[in-house]
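Coordinate analysis (summary)
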Amino acid sequence: MKELLLLLKRFFGYTTFRPLQAEIIQRILQKEDSLVLMPTGGGKSICFQLPAIYMPGTAIVVSPLIALMKDQVEGLIANGIPASTLNSMMPEEERHRVRQLCIQGKVKLLYISPEGIISELHWLLPRIDISLIAIDEAHCISHWGHDFRPEYTQLSVLKENFPKVPIVALTATADKITRTDILNQLKLRDPKTFISSFDRPNLSLTIRRGLSKKEKIAAIVHFINRHHRQSGIIYCMSRNSTESLVEELSEYSIRAVAYHAGLSPDKREKAQDDFINDRVNVVCATVAFGMGIDKSNVRWVIHYNMPSSIENYYQEIGRAGRDGMKSDTLLFYSVGDILLLRRFAEESGQKDVSLQKLNRMRRYCEADICRRRILLSYFGEETDKDCGNCDVCKNPPQRFDGSILVQKALSGIFRTGQTANMHLLIDILRGAEKEELKEKGYDKLKTYGVGKDLSYKEWKEYLYQMLQLGYIEIDYMSAGHLKVTPLGRKVLFGEQQALMTIYQKTKDFALPTKKGGYKYRPIRPIESTSVEETLLDSLQQLRKQIAEREHTPAYIIFSDDALEDMVQKKPVTLDEFSEIRGVGQLKLDKYGKVFVALIRFVLRLPKKE
Ligand code: ADP
Ligand code: ZN
């Protein structure tokens, strides 16, 4: 155990294991099989990388995407660990060279695709002294998972051909069926399943509903300006909206790139590369983006539309804050999203499952109890505490008796013969002076104008609440007409009180003026009264320069967490620097001096100790 901790410090710069890491590593060292479920950013990689370093021979790591392999290998090499990939994109000579190195035992970790496994099964693999086999993103094996890959289903050959080699399968998402699928298909022997907490307390959770497109843009511009120079992803439902959002944002001097499956591979790769290397901070993407991204310093994720399931949502927000530092997530949803997603679900091959998943997602968005508690219970974990880091915890709902308000809306619905959608109903309630209302005679209704005292936004919010309280429902089959439910009738006839939540206004509905507003400044050391702020900024700039020189992403040099630790501890000697989280031997040798020199400079200390 002590030896493992020394290796952990030496190669990764960490002094303690995260929960379950040590147990999983021990199990691999005992040559037994395991299934590991950890959330994105939980620290799965070290579970197989550390034993791979410790054991003689070469570890085989099966991974579904070339980008993912490349990223991990770069990270390992940056820490002084000989690792390589073998994939179809490499020229044959290069592959030949890697094969030879493996046979000579000079590679500690070999990353390979599932197709690669099959083609190397009879010649290369038997010639390697295999220490362990890790199967990353193991949920790809299952039809039930969300990234099913047929190539994964052939991996049972591994156990059959190498019965003595321990196998560890790892994934961030696996419900019960998927889990059983993984165990069965890989033919694991007496496997032990490790499930770590899915809690990601460093991610803040916020949901905003019913915003118009313009209001969403305004909220996003405000949000990005608050996250100046930080990397983030905006997930959109359609390809078109990724591109139009990029344009909208550019009008506020926010540079973003679009990413979706309809782009050419070149364009996609460039967008991804620019993002990883901090040349662009914002990506507007469809769900196609992210699987291959190990970027640890994504600081925020926005969902421009509601995701279709909690699994997808959790995986997507999980791309923020993988380094464990505070990160923000924001989700917008509207009735329009739900209508569209319902249609997709109905047309999907698995209508019942899809609709059920969508419903759970919708209930999560609409709930007014701590959001993290809902998420954790979805993943089978119970907590008895509110998290304090979601919008519900931060703005606890304040209730009032909304019976009269509800009655106004319900009678409005009845008087249109239940043929009004939300927009029309609000116009009627507010007595909007619109020709079309008059043409149809709505201005003669008794309810015309009874809700003048509330703004359009407020009505919209209260109607959403009435939906989630079950007083009204939306007829998805007929253009979103509102219908009164039996429960709603009780409120209408005074048999039941309607407890509603006071609508709290947010300030960011106004857009800053275009162009004149926000601008990206060129990089220069900031003047600040806080030495920490200046220090962090300077460290980031140094890291960026090194990253550019080495043609590698900045977080491969040092994670945000490592920089933060430097700001905290202000190491001014190499010894002190070696204590920083994320500083292993190689990085100490390579970067220690320049970083210490910079810190001394910022702190106005003499150059030498
Ligand atoms: P996953 O593969 O589960 O998504 P990673 O293996 O990429 O997560 O780890 C996420 C982050 O946590 C990485 O930046 C990694 O270096 C860091 N990490 C992993 N284990 C530890 C540890 N024991 N102490 C501190 N940081 C760790
Ligand atoms: Zn909470």
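For the structure given in this document, a descriptive report is provided here. (Residues numbered from 1 in each chain as written. Chains lettered and ligands numbered in written order. Predicted model: local features only at pLDDT ≥ 70, side-chain atom pairs only at ≥ 80, totals over all residues. Heavy atoms only, no water.)

1. With respect to the site of ligand 1
Around ligand 1 lies a shell of 14 residues, among which Tyr-14, Thr-16, Gly-41, Ser-45 and Arg-322 are the nearest. Here an oxygen atom of ligand 1 sits 2.5 Å away from a polar atom, N or O, in the side chain of Arg-322. When ligand 1 is considered free in solution it has 560 Å² of accessible area, and contact with the protein chains removes 84% of it. For the shell around ligand 1, the residue count by class is 4 nonpolar, 7 polar and 3 charged. (Near = heavy atom within 4 Å. Polar contact = N/O pair within 3.5 Å; in protein donor to acceptor, adjacent residues only side chain to side chain. Areas by Shrake-Rupley, 256 points an atom, 1.4 Å probe, with all protein chains shown as cover. Nonpolar A, V, L, I, M, F, W, Y, C, P; charged D, E, K, R; others polar.)

2. Some remarks on the coordination of the zinc ion (ligand 2)
Donor atoms from the polypeptide that coordinate the zinc ion (ligand 2) comprise Cys-370 (SG), Cys-387 (SG), Cys-390 (SG) and Cys-393 (SG), at 2.4 Å from the metal. Metal-centred angles of 102 to 120 degrees between the 4 donor atoms at the zinc ion (ligand 2) mark the site as tetrahedral. Read N to C, the donor residues that coordinate the zinc ion (ligand 2) are spaced as C-x16-C-x2-C-x2-C. In this pair, Cys-370 is assigned in the loop between helix H15 (351-366) and helix H16 (371-378) and Cys-390 in the loop between H16 and helix H17 (391-394), connecting sequence segments 20 residues apart. (Donors = N, O, S within 2.8 Å, 3.2 Å for Na, K, Ca; no water. Tetrahedral: all angles 85-135°; square planar, octahedral: opposite > 155°, others 65-115°. Helix = DSSP H or I, 4+ residues; strand = E, 2+ residues; numbered from the N terminus.)

3. Focus on the sheet that holds strand E8 (residues 203-209)
Spatially, 6 strands are ordered E8-E13-E12-E9-E11-E10 in an open sheet, and the strand pairing comes out parallel. Whereas interior strands pair on both sides, the edge strands pair on one side only; in this sheet they are E8 and strand E10 (256-259). In this sheet, adjacent strand axes meet at a mean angle of 20 degrees when their direction is disregarded. When strand E9 (residues 231-235) meets strand E11 (residues 282-285), the two strands line up parallel, connected through 4 bridges. The residue bridging Tyr-235 from the neighbouring strand is Ala-285, located in E11. Running over the sheet, helix H10 (residues 213-226) touches E8, E9, E11, strand E12 (298-303) and strand E13 (327-333) and is turned about 175 degrees from E13. (Pairing = 2+ DSSP bridges. Axes fitted to C-alpha atoms, helices over the stretch in contact; angles between N-to-C directions. Contact = heavy atoms within 4.5 Å.)

4. Things to note about the side chain of Asp-560
When you line up the elements, Asp-560 lands in helix H25 (residues 560-569). With relative accessibility at 10%, the residue Asp-560 sits in the buried group. Among the polar contacts listed, one links the side chain of Asp-560 to the side chain of Arg-299, at a separation of 2.5 Å. In contact with Asp-560, other than residues within four places in its own chain, are Asn-297, Arg-299, Asp-323, Met-325 and Arg-543. (Buried < 20%, exposed > 50% of the residue type's maximum accessible area, 1.4 Å probe, protein only.)

So yeah, pure geometry; function would need other evidence.
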